[in-house]
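Given next are the chains, with one letter for each unit.
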Amino acid sequence: MKTQLAMVIDSSSCIDCKACMVSCKVENKVPGGYWRNWVKQREPRFGKIPGAKDPAAQAEGCRTWIIQAPDFDKVKGYGDPGSMHFQPGGCMHCANPACVQACPTGATYKDEKDGTVRLNDKLCIGCGCCIPACPYGARYRHPEKKIVDKCDFCAKRRERGELPACVITCPTKARTFGNINDPESDVARLVKENKTVRVVNEETDTEPNMYYVLTTAPMNWPRKAESPTPIRWWASLAKPLVWAVVGLNALGVLVMFGKQLIIKDEETEK
Amino acid sequence: MATKTDTSISRRSFLKWSGAATAAAVAGGQAPVLHSLAYTGEKSTGSEPEYHFSACGMCLNKCGLVARVENGIVTKLDPNPKFLKSRGMLCARGNAGTSQLYDPDRLKYPLLRKGERGEGRWQRLSWDQALDLAAEKLTKIGEEYTRCGVLFTPGSDMQSQFVHWFAEVFGSYNVTTHESNCLLSRNRAYLDTFGEVPFADVLHSKYIIMAGANRFESIITPDSIDLMTAMKKGCKLVVLDPRFTKTAALAHEWFPIRPGTDMSFFLAITHVIIHEKLYDEKYAQEKLYGLDKLTEHVKKYSPEWAAKVCDIPAKDIRRIAQELAAAAPAAMIYPGRRTSDYVNSTQIRRAMAIANALLGNWDKPGGLLAARMVGTTGPELPEAPFYDDNPDDRLDHGSAHIMFDEEGSFKHTRDAIIAGKPYPVKGWFTYKINPLQSVANRRKTLEMIDKLDFMLTVDIAMSDTAWMADLVLPAPSYLERQDPAAGLQGSSACACVVTRDPVVPALFESKPVFWILRELAGRMGLEEYFSFTMEEYREQQLRKLPDSERALREDGVYYNPSKLYGIYEGKIYKTKSQKIELYNERYAEMGLDPMPVCKPLRENVPSDRFRMVVGRNAYFTHCTTQNNTLLNELMPENTLWIHPNPAKKLGIRDGGTVILSSKSGEGELKAELKKGIREDTVYMASGFGVLSEGLTNVFGKGACMAEILEDFTDELSGNMAMHETIVKVARKGAS
């Protein structure tokens, strides 16, 4: 089976320390004011405690709340909507990514090797069509590079055999990363052993590869993937054009790649 | 660290070390990955990255880290997966260490004040000029006012021990530290109950009551991480806090207790445990001193009585006491750290310590642990000289009932300097500490500085304290210097040793304080006391740990496999009665309450006023990291948390500017309407409203905590009491 990198998140572990966000920002040189990942939160519903309805407690003059957090021992359906929790996220590397469809140049693509949704810097023209196409707001236009930027599950780190920056740094290990199609992986095991949900917009399910363990109630926040008709029309027209323009260039790059690989192999043999 | 390729690590296999495994498994599994450096694929940079072990210096936890260096630049800090104390993590601040290193606001060379204090006019000096001047000024003050005429205030840093040593050989006993603004009252209470300050075995606990602590935001390793792990295993967490912190948010139960009344809650817990006989009688017989007196003492402190005081229903107090006792001894009242809150904060913590004693959790899994052996040794240093013209005592001697001589009390020292009594202090040496922002009543600190002839600050950036100094000397960050070894207690995780070597050379003209002090000593005829190098010092520290040098080199950390539980088996407690003291005889002899007595609050909150509480978040260390570009983005300015009901009465809207005032001072900041705070309480984060224009991200933002807080202290320990201030809040523009 093909590799599909994915993340399983246990929001009930998240303490909202934002280590994942800063770690990502440093690793990927994300400029100030922008983020590749996030921690969202469910606001609690404050109420007077059962005790406050209790005449004895009222007589004591207590004005006390209790927020009952969900029971960690067992998953109670969709969790307790009254309690606060923190939900880490980032690009969900969807199986059916709306951003890929919205991209007029093919800069955004689904990587065949590992199932990540990637961005080819050289092909991106910075048009930003993919930004509203993402239901999760996982893309932004880089203010200096003038092209779109997003999470790539720390491709460079993975090449070196390291975990993504957000995963390795997490104090409570709320984020788990791996190949969801490998039954031996931690992510596959977690999905098998726990009830999980994927956070999607009802109208545009992009089949995200980010699974949330159902210890907390999922939050309903993704927006509808926007891909205006003219863009789609233009995309169908422009894609072959752009490819033609960059074709030669890409060919050159490929040749260089090939050369490097051959050289590397020789080095390894030595 | 090895830079050899470990070809056995394939690029696919790293996925097996994904984060959901236990921390230990991650620690074991991830480690070889870091050795497989020679990735053979596409290279983006000119050279292979180098990896260096170090210990984080963004707060005082000293978490093990691996720094990645590419072309001489530190490009990333990752957790050292073998570092058990932090459970192989690095928090937001740890990740932002690169931003401290490459901060454009860093001090670059020695600066001499030219204009008035705080005016911000500086003259660049060479190191020779700066050191000659400092040596001359300190010597002059020493000659004119005795050596005790110089106050030394080192922050919590791995090189601060050299400031202590310099003060000793220079001849001043006037050394104050961070601790009198922090945890002295807790230390006092636990020393006077158990004879030792405990470490909490959060990981193995089944039931934790956390009062006056916010462990998920104020990160302490391993407690913060262990708390989540314990909760996942079924540990129950009950949080008492006037404010809905993130710890409260994740707790099973949160009670917004009336601020300052925690003692009543714990006396009532004790009342229930004693009167319902929920304690182990055999244990009590053997280990506890004064149970009969305590039984009598807490008779009147029923849950019904406490409910009226602390605003928590009696039946919940009773239930919690029963649940807590049922989980004992793997249950605890979390001892907390910053306990600088009320004028009776030692006695509040005594009430908590006594409840812990009744749970029988001392020296047991899931309870309170004694210090483990780390094994580092103090270096052999020459005997410090004696100056016979010196006064008999520290400046703040006797200003609180039972002070810690080595820590002192900053507040009482400051008062004495302002008064010029019992003797004048005219010099101040500060290192990596920021009292202008962190110590209550900023105006008094400014008044104290006015009394000085010479103030010298060594720091990384132009803190408010540096801003007021005469001479400012630039220090390197923790990633650019060689440090001594540090022994760390990691609760049930480990007892370990870390150290630091430079990851990159020091930037600009910055010099470590150790070098500065050696140079000063040389200029003042004290060179014999600083004749050692850092390597020699460290060698001496580690001389009884033969394996530590290899472990530090290969793993970045040394673990001492010392005994964890049962340290006290067959041993006496280090108290007067040699038992755990519910009743403290020494207190009785001194005329202090031998058992905590619940008294009315020093000042009640009038209906048109609020009590101000302070507390941490996960982004800022005290008053030091607010200007860090990466962290500042998480909270660009502080706000005033206020409940919507009183806000409505005052015409305050969310995001609107308010004027906050107290008897100490006032400030302007934006209001943040929060249902998660009591109606009689307001809260603000520390480190904003700065004086220093050298902190470009935070200058002109928010209000200063130290400006608003009044400077009360704990009567027993002299620790600061930061929750005693009653404030007025008004909408800006309201008459």
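Residues numbered from 1 in each chain as written. Chains lettered and ligands numbered in written order. Predicted model: local features only at pLDDT ≥ 70, side-chain atom pairs only at ≥ 80, totals over all residues.

K.L.:
Lay out the overall build of chain A in plain terms, naming residues and giving numbers.
P.N.:
Per the secondary structure count, chain A includes nine helices and ten strands. A total of 270 residues make up chain A; the buried ones form 47% of that total. The long-range share in chain A, meaning contacts at least 24 apart out of those at least 6 apart in sequence, stands at 61%. (Helix = DSSP H or I, 4+ residues; strand = E, 2+ residues; numbered from the N terminus. Buried ≥ 20, exposed ≤ 12 C-beta atoms within 10 Å, placed from the backbone. Contact = placed C-beta atoms within 7 Å.)

K.L.:
Mind laying out the overall build of chain B, listing which residues take part and the relevant values?
P.N.:
When its secondary structure is counted, chain B shows 25 helices and 28 strands. Taken over C-alpha atoms, the radius of gyration comes to 26 Å for chain B, in line with the 27 Å a tight globule of 735 residues would show. Counting all 735 residues of chain B, 61% fall into the buried class. If you take every contact in chain B between residues at least 6 apart in sequence, the share linking residues at least 24 apart comes to 74%. (Rg over C-alpha atoms; globule rule 2.2 N^0.38 Å.)

K.L.:
So what's going on with the domain arrangement of chain B? Residues and values would help.
P.N.:
All names here are of chain B. The domains assigned to chain B are domain 1 (185-370) and domain 2 (610-731). Computed over C-alpha atoms only, the centres of domain 1 and domain 2 are separated by 28 Å. Secondary-structure elements contributing two or more residues to the side of domain 1 that touches domain 2 are helix H6 (184-194) and helix H14 (345-359). Of the residues that constitute the side of domain 1 that touches domain 2, the class distribution is seven nonpolar, nine polar and four charged. (Domains from an automatic or database assignment. Nonpolar A, V, L, I, M, F, W, Y, C, P; charged D, E, K, R; others polar.)

K.L.:
Quick rundown of the nonpolar core? Include the residues and the values.
P.N.:
All names here are of chain B. Counting 282 residues, the largest nonpolar core has Phe-265, Ile-269, Ile-317, Leu-324, Leu-517, Leu-640 and Ile-642 as its most contacted members. Taken together, domain 1 (185-370) and domain 2 (610-731) each give at least three residues to this core, which thus spans both. Dropping the residues within four chain positions of it, Ile-642 is found in contact with Ala-647, Ile-652, Ala-671, Leu-673, Lys-674, Ile-677, Val-682 and Val-729. (Core = buried A, V, L, I, M, F, W, Y, C linked by C-beta atoms within 7 Å.)

K.L.:
Which residues make up the confidence of the model for chain A, and what values go with them?
P.N.:
All names here are of chain A. Overall, the prediction assigns chain A a mean pLDDT of 80, with 69% of residues at 70 or greater. Below pLDDT 50 for its whole length, residues 48-54 participates in 17 contacts with residues either more than four positions away or in separate chains. Predicted confidence for residues 62-81 stays below pLDDT 50, and this span has 63 contacts to residues more than four positions away or in other chains. (pLDDT = per-residue confidence, 0-100.)

K.L.:
Now, about the sheet that holds strand S12 (residues 331-333) of chain B: what can you tell me, with residues and values included?
P.N.:
Consider a sheet: its strands pair through backbone hydrogen bonds, and that pairing is either parallel or antiparallel. Residues and elements named next belong to chain B. Here we have four strands laid out as an open sheet, ordered S10-S9-S8-S12, and parallel in their pairing. Across the chains shown, the open sheet's two edge strands, defined by having one partner strand only, are strand S10 (253-255) and S12. Looking at each pair of strands side by side, their axes are set apart by 10 degrees on average, direction ignored. Looking at chain direction, strand S8 (residues 207-211) and strand S9 (residues 236-240) are connected through five bridges and run parallel. Looking at the pairing, Ile-208 lines up with Leu-237 of S9. (Pairing = 2+ DSSP bridges. Axes fitted to C-alpha atoms, helices over the stretch in contact; angles between N-to-C directions.)

K.L.:
How would you explain the pairing of strand S3 (residues 73-79) of chain B if you had to name every residue and give the values?
P.N.:
Residue and element names in this part refer to chain B. Taking burial as the measure, the seven residues of S3 include five buried ones, the bulk of the element. As judged from the six bridges shared by strand S2 (residues 64-70) and S3, these two strands associate in the antiparallel manner. Across the sheet, Val-66 pairs through a bridge with Asp-78, a residue of S3.

K.L.:
Run through the confidence of the model for chain B, naming residues and quoting values.
P.N.:
Residues and elements named next belong to chain B. With 94% of its residues at a pLDDT of 70 or more, chain B shows a mean pLDDT of 93. For residues 1-45, every residue scores under 50 in pLDDT, and the model assigns this stretch 83 contacts once sequence neighbours within four places are set aside. Here the predicted complex scores 0.90 on pTM and 0.93 on ipTM.

K.L.:
Talk me through the environment of B:Ala213; I want residue IDs and the actual numbers.
P.N.:
All names here are of chain B. Locating Ala-213 in the fold gives a position in the loop between S8 and helix H7 (223-232). A tally of 27 C-beta atoms within 10 Å means that Ala-213 is categorised as buried. For the pair formed by Ala-213 and Thr-247, sequence separation is 34 residues and the distance between their alpha carbons is 8.5 Å. Dropping the residues within four chain positions of it, Ala-213 is found in contact with Tyr-334, Gly-336 and Arg-337.

K.L.:
Can you break down the packing of helix H4 (residues 127-145) of chain B against helix H19 (residues 513-523) of chain B residue by residue, with the values?
P.N.:
Residue and element names in this part refer to chain B. Here H4 crosses H19 at 60 degrees, and the two axes come no closer than 9 Å. Comparing their axes, H19 and H4 come out oblique. Of the two possible hands of crossing, H4 and H19 adopt the one that is right-handed. Contacts between H4 and H19 pair Leu-131, Asp-132, Ala-134 and Ala-135 from the former with Glu-519, Leu-520 and Arg-523 from the latter. Tallied by class, residues from the contact of H4 with H19 come to four nonpolar, no polar and three charged. (Parallel < 35°, antiparallel > 145°, perpendicular 65-115°, else oblique. Left-handed = near helix turned anticlockwise from the far one by under 90°.)

K.L.:
With reference to specific residues and values, describe the environment of A:Lys192.
P.N.:
Residues and elements named next belong to chain A. Within the fold, Lys-192 resides in helix H8 (residues 186-193). A tally of 9 C-beta atoms within 10 Å means that Lys-192 is categorised as exposed. Along the chain, Lys-192 and Val-213 lie 21 residues apart, while their C-alpha atoms are 11 Å from each other.

K.L.:
So what about the sheet that holds strand S1 (residues 50-55) of chain B? Which residues, and what values?
P.N.:
Residues and elements named next belong to chain B. Spatially, S1-S2-S3 is the arrangement adopted by the three strands of the open sheet, whose pairing is antiparallel. With one partner strand each, in any of the chains shown, S1 and S3 form the two edges of the open sheet. Along the sheet, successive strands turn relative to each other by an average axial angle of 30 degrees, direction set aside.

K.L.:
Tell me what's going on with H19(B), and back it up with residues and numbers.
P.N.:
All names here are of chain B. Here H19 lies mainly inside the structure; nine of its eleven residues are buried. Turning to H19, its buried residues are Val-513, Phe-514, Trp-515, Ile-516, Leu-517, Arg-518, Glu-519, Leu-520 and Ala-521. Here the buried face of H19 lies against H4, helix H5 (160-170), strand S14 (427-431), strand S15 (454-459), strand S16 (471-474) and helix H20 (534-541).

K.L.:
How would you sum up the environment of B:Thr445? Please name residues and give values.
P.N.:
Residue and element names in this part refer to chain B. Structurally, Thr-445 is set in helix H17 (residues 442-450). For Thr-445 and Asn-390, which are 55 residues apart along the polypeptide, the C-alpha to C-alpha distance reads 25 Å. Discounting chain neighbours no more than four positions away, the residues touching Thr-445 are Arg-414, Pro-435, Leu-436 and Val-439.

K.L.:
Outline the packing of helix H15 (residues 410-419) of chain B against H17(B), listing residues and values.
P.N.:
The angle between the axes and the distance between the axes are what describe a pair of packed helices. Residue and element names in this part refer to chain B. Following both chains from N to C, one finds H15 and H17 inclined at 45 degrees, their axes separated by 9 Å at the closest point. Accordingly, the angle class assigned to the pair H15 and H17 is oblique. Between H15 and H17 lies a crossing of left-handed hand. The segment H15 lies against H17, with Arg-414, Ile-417 and Ile-418 engaging Lys-444, Thr-445, Glu-447 and Met-448. Across the contact of H15 with H17, the residue classes break down as three nonpolar, one polar and three charged.

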